[in-house]
Amino acid sequence: MDTVHAVQKLVRSAGIEASINSQQDLQTNSASSLFIAIFEVITRGRLPGVVRRPLIIDDYRHNWSVLLQQLSLKIGVDLSHISPDRLLDGNEQDLADLDELLVDLEHLIRLRPMRVPSV
């Protein structure tokens with residue numbers, strides 16, 4: 001499956017309304033916001049430290065870094081092979097790797113038994 005179709009599937013699974021029709025759609029600065037939204041839906045929480053209204057390229061780079069750091073902590077895997085700068089440039093391999101890791105995270109969370117509060 002190519003990266004565009006893989007991301008489309010993840011977006012649908014997360015219940016996010018987004019139009020991803022080509023690799024170019026993943027090469028925009030807003031791609032970081034899309035992947036952050038996916039992460040937040042999967043984890044049911046907000047990522048701390050994200051620039052919510054990114055305006056400059058450094059804001060988007062920062063957001064990619066925050067996402068990678070938090071994803072690494074959640075899954076317990078070193079993600080240094082994925083670069084915020086390459087994600088910013090729309091690198092297809094890094095985007096594909098990130099997509100695959102988010103799918104894995106989604107499966108892990110679904111398989112994890114829900115905690116029932118004690119009474």
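Residues numbered from 1 in each chain as written. Predicted model: local features only at pLDDT ≥ 70, side-chain atom pairs only at ≥ 80, totals over all residues. Heavy atoms only, no water.

Visitor: Which parts of the structure should I look at to understand the pattern of salt bridges?
Guide: Where charged atoms from two side chains of opposite charge come close, those side chains can pair. Throughout the structure, instances matching the rule amount to five salt bridges. A salt bridge links R52 to E40, with the shortest nitrogen-to-oxygen separation between them at 2.7 Å. A residue pair is termed long-range when its members are at least 10 positions apart, and R52 in the loop between α2 (31–43) and α3 (57–75) and E40 in helix α2 qualify at 12 residues. Residue R52 is classed as partly exposed on the basis of its relative accessible area, which comes to 37%. Between D94 and R86 there is a salt bridge whose closest N-O contact spans 2.8 Å. What makes R86 partly exposed here is its relative accessible area of 34%. (Salt bridge = Lys/Arg side-chain N within 4 Å of Asp/Glu carboxyl O. Helix = DSSP H or I, 4+ residues; strand = E, 2+ residues; numbered from the N terminus. Buried < 20%, exposed > 50% of the residue type's maximum accessible area, 1.4 Å probe, protein only.)

Visitor: Can you help me understand the confidence of the model for the protein in this one?
Guide: Low pLDDT means the predicted coordinates in that region are not meant to be read closely. Of all residues in the protein, 92% have pLDDT values of 70 or greater, and the mean over the chain is 88. For the protein, per-element mean pLDDT is lowest for helix α1 (residues 3–14), which scores 86, and highest for α3, which scores 96. (pLDDT = per-residue confidence, 0-100.)

Visitor: Help me understand α2, please; the structure alone is not making it clear to me.
Guide: The first and last C-alpha atoms of α2 sit 18 Å apart over 13 residues, in line with the 18 Å expected at 1.5 Å per residue. Across the 13 residues that make up α2, a large majority, 10, are buried. All of the buried residues along α2 are A31, S32, L34, F35, I36, I38, F39, E40, I42 and T43. Check the buried side of α2 and you find it contacts α1, α3 and α5 (92–111). Of the residues one or two after α2, R44 is the one with positive phi, at around 55°. (Expected span 1.5 Å × (residues − 1). Contact = heavy atoms within 4.5 Å.)

Visitor: Can you walk me through the nonpolar core in this structure?
Guide: One recurring pattern in soluble globular proteins: nonpolar side chains tend to sit buried together. In this structure, F35, W64, L67, L71, L98, L102 and L105 are the most contacted members of the largest nonpolar core, which totals 32 residues. Put simply, the parts of the chain that give this core at least two residues each are α1, α2, α3, α4 (84–88) and α5. Sequence-distant contacts of W64, defined by excluding residues within four places in its chain, comprise A31, S32, F35, P84, L87, L88, L95 and L98. (Core = buried A, V, L, I, M, F, W, Y, C linked by side-chain atoms within 4.5 Å.)

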